[in-house]
Amino acid sequence: MLTIHAAALLLPGGGRAPVPGGAVAVRDASVEAFGPYGELAAAHPAARVRRWPGVLTPGLLQRDAVRLLEEWYFPDPREADALGTEPLTGAALDALGPEETWRAGSVRRGLHRMLRHGTTAVTAAPGAPPALLTAVRRSGLTVLTASASTGDGPRLDPLAGAGAVAEATAAPLAAGGRADLAVFDAPDEAALLAAGAASCVATIAGGRLVYRGR
């Protein structure tokens, strides 16, 4: 079945201009076409249409995924009274005790946090823990091989420090390419960069809606 994802503004990447009232047509796991919504709707009158607020972009790339999942603890909502809701690091992480008591649940919740930030792909250096990469792939994320991330600390927001959304995406949109998309509640690119990826309202990975915030 073909689905058209439409938004107020499409940022296709690849040096292409933004498309007001843009849309992406997705068939199964691939991009069928993208451009103005009117053109796609006329070409595919029987398509299902999902209308989203804000900005529609290619899926984002998380370069710190392995560090985030290994060095942070993502609390269970049931632990909010004792641990809060934000990830724990450093001494707070050490205080949790043996890894086997918390690692699996934290990884699962961490991956969900990434999906909530528009992430559809991650990078991992050769030699990254196989079990961790298996969990990443099972969540619907693509794993790309790259050198280990550098910097003072890992960031959950792929847009943090980016000067343009294209700098934080895994790949520009391409007909026939994997249908990885993210939608953000922002009126334009400048507002999105200011708000960050926490403004994500939907993430589509390989054509599947893997996160919906509204």
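Residues numbered from 1 in each chain as written. Predicted model: local features only at pLDDT ≥ 70, side-chain atom pairs only at ≥ 80, totals over all residues. Heavy atoms only, no water.

Enquirer: Looking at this structure, I do not really get the overall build of the protein chain. What am I missing?
Expert: Secondary structure assignment for the protein chain yields 7 helices and 13 strands. Evaluated residue by residue, the protein chain yields a buried proportion of 47% over its 214 residues. Pairs at least 24 residues apart make up 65% of the contacts formed inside the protein chain by residues separated by at least 6 positions. (Helix = DSSP H or I, 4+ residues; strand = E, 2+ residues; numbered from the N terminus. Buried < 20%, exposed > 50% of the residue type's maximum accessible area, 1.4 Å probe, protein only. Contact = heavy atoms within 4.5 Å.)

Enquirer: It is not clear to me how the packing of aromatic side chains should be interpreted in this structure. Could you clarify?
Expert: What characterises a pair of aromatic rings is the spacing of the ring centres plus the angle enclosed by the ring planes. Enumeration over the complete set of coordinates arrives at 1 aromatic pair. Centroid distance Trp72 to Phe74: 6.0 Å. Interplanar angle 40°. Geometry classified as tilted. Taking relative accessible area as the criterion, Trp72 reaches 16% and is therefore assigned buried. Residue Phe74 is classed as buried on the basis of its relative accessible area, which comes to 1%. (Phe/Tyr/Trp six-rings, centres within 6.5 Å; stacked < 30°, edge-to-face > 60°.)

Enquirer: Help me out: how do you make sense of the pattern of salt bridges in this one?
Expert: Pairing between side chains of opposite charge can happen when their charged atoms approach one another. In total, this model carries 3 salt bridges according to the counting rule given. Linking Arg67 and Glu71 is a salt bridge whose minimum nitrogen-to-oxygen distance equals 3.1 Å. Taken together, the residues Arg67 and Glu71, both in helix α2 (residues 65–71) and 4 residues apart, mark about one turn of the helix. (Salt bridge = Lys/Arg side-chain N within 4 Å of Asp/Glu carboxyl O.)

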